[in-house]
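Here is what each chain is made of, one letter per residue.
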Amino acid sequence: MSSTIRDFTGKGLPWHTVEEAINREIEWLERAIEQTVIGKVPGCDDCRYTYRKIALLIVTGKIKAKEFIARDGHDLWNDLTQKHGIKKSAHHGGVWHRKMMDVVTEYFANQGFEVITEPFLSQGRADLGIYKEGHMDLFVEVGTTSAYKLWWNLQMLVNSKILLVPDEKRAIEFTCPNEQQDIVGSTLKKD
């Protein structure tokens, strides 16, 4: 029995309640995350089970996730998208991606953060790395991302956040714990 299952049974939660929570998270993830079309990991990025793995991390409390949505008529970046001339109709082209990276860079630089382009992660690279003493490291993915890459990095990163920016009006923040979680190993442990 995995420690995760033991935690749920120890709290007396019926299995169907846990499955409902997992399915709600999967549905939210499928709506919220814009999947990469090019360079998918065969069998992983298209697989509903990759979203299930991420949902399990959320439901078990190993990571936290929240979605930010801008108020009507605004963006999430102090209206910097207007300054950079980003138009809704230009989503996800190379020009849109570059301009959104500039917006996110300026937003955090204005607050005293150091911004690095394309830092290495455990799996692949992020678009931006955002750093400041006394704050968790933040890795930003602008536009589309790989669900497999996200799942892998959520397991491996410690005391960090991943911010997905699918468009100028939404962002999804994943917070990784202060200690590394052995997700795969914990399910293989014997009692």
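Residues numbered from 1 in each chain as written. Predicted model: local features only at pLDDT ≥ 70, side-chain atom pairs only at ≥ 80, totals over all residues. Heavy atoms only, no water.

(A) Structural context of the pattern of salt bridges. Using the criterion set out here, one finds nine salt bridges in the structure. In this structure, Glu173 and Lys161 form a salt bridge, with 3.5 Å as the shortest nitrogen-oxygen distance. In this pair, Glu173 is assigned in strand β6 (residues 170-175) and Lys161 in strand β5 (residues 160-167), connecting sequence segments 12 residues apart. Taken together, the shared-partner salt bridges in this structure form one network comprising Glu34, Glu67, Asp167 and Arg170. (Salt bridge = Lys/Arg side-chain N within 4 Å of Asp/Glu carboxyl O. Helix = DSSP H or I, 4+ residues; strand = E, 2+ residues; numbered from the N terminus.)

(B) Region of the structure containing the environment of Ile162. Tracing the chain through its elements places Ile162 in strand β5. In this structure Ile162 touches Leu138, Phe139, Leu150, Asn153, Leu154, Leu157, Ile172, Glu173 and Phe174, once residues within four positions along its chain are discounted. (Contact = heavy atoms within 4.5 Å.)

(C) Spotlight on the environment of Glu106. As for its placement among the helices and strands, Glu106 is situated in helix α5 (residues 94-109). A relative accessible area of 18% places Glu106 in the buried class. C-alpha separation for the pair Glu106 and Trp77, spaced 29 residues apart in sequence, amounts to 8.9 Å. Polar side-chain contacts of Glu106 include one of 2.6 Å to the side chain of Lys83. (Buried < 20%, exposed > 50% of the residue type's maximum accessible area, 1.4 Å probe, protein only. Polar contact = N/O pair within 3.5 Å; in protein donor to acceptor, adjacent residues only side chain to side chain.)

(D) Region of interest: the side chain of Ser146. Structurally, Ser146 can be placed in the loop between β4 (137-142) and α6 (147-156). What makes Ser146 buried here is its relative accessible area of 10%.

(E) Here's a closer look at the pairing of β4. Most of β4 sits out of view: five of its six residues are buried. In the sheet, strand β3 (residues 128-131) pairs with β4 via three bridges, with the strands oriented antiparallel. Among the inter-strand pairings, Ile130 is bridged to a residue of β4, identified as Leu138. Hairpin connection between β3 and β4: a loop of five residues separates the two successive antiparallel strands, and Gly134 in this loop has a positive phi of roughly 85°. Two elements, β4 and β5, share six bridges in a ladder whose sense is parallel. (Pairing = 2+ DSSP bridges.)

(F) Focus on helix α2 (residues 15-32). The terminal C-alpha atoms of α2 lie 26 Å apart, and with 18 residues this matches the ideal 26 Å at 1.5 Å per residue to within 8%. Those residues of α2 that fall on the buried side of the exposure criterion are Val18, Glu19, Ala21, Ile22, Ile26, Trp28, Leu29 and Ala32. (Expected span 1.5 Å × (residues − 1).)

(G) Representation of α5. Compared with an ideal rise of 1.5 Å per residue, which puts 16 residues at 22 Å, α5 spans 22 Å between its outermost C-alpha atoms and is within 8% of the ideal. For α5, the full list of buried residues reads Trp96, Met100, Met101, Val103, Val104, Glu106, Tyr107 and Phe108. Where α5 is buried, its residues meet α4 (80-83), β2 (114-117), β3, β4 and β5.

(H) Geometry of the sheet that holds β4. What the six strands build is an open sheet, ordered β1-β6-β5-β4-β3-β2; its pairing is mixed. Each of the sheet's edge strands pairs with one partner strand only, and the pair in question is β1 (64-69) and β2. Shown here is a sheet whose adjacent strand axes are inclined to one another by a mean of 20°, direction ignored. In this fold α5 packs onto β2, β3, β4 and β5, with an angle of close to 155° to the strand it touches most, β4. Sheet strands touched by α6: β4, β5 and β6. Its angle to β5, the strand with the most contacts, is close to 160°. (Axes fitted to C-alpha atoms, helices over the stretch in contact; angles between N-to-C directions.)

(I) Quick look at the packing of aromatic side chains. Counted according to the given criterion, the structure contains eight aromatic pairs. Each ring, one from Trp77 and one from Tyr107, has its centre 5.2 Å from the other, and the planes form 85°; the classification is edge-to-face. On the criterion of sequence distance, the pair formed by Trp77 in the loop between β1 and α4 and Tyr107 in helix α5 is long-range, its members being 30 residues apart. Taken as a pair, Trp77 and Tyr107 share a single burial class, namely buried. Here Tyr131 and Phe139 contribute two aromatic rings whose centre-to-centre distance is 6.1 Å and whose plane-to-plane angle is 80°, an arrangement assigned as edge-to-face. The structure contains a cluster of three or more aromatic residues connected by ring pairs, namely Trp77, Tyr107, Phe108 and Phe113. For Lys53, the ring lying beneath its charged end belongs to Trp151, and the centroid distance is 4.4 Å. The aromatic ring of Phe120 is capped on one face by Arg125, whose charged end is 3.8 Å from the ring centroid. (Phe/Tyr/Trp six-rings, centres within 6.5 Å; stacked < 30°, edge-to-face > 60°. Lys NZ or Arg CZ within 6 Å of the ring centre and 35° of its normal.)

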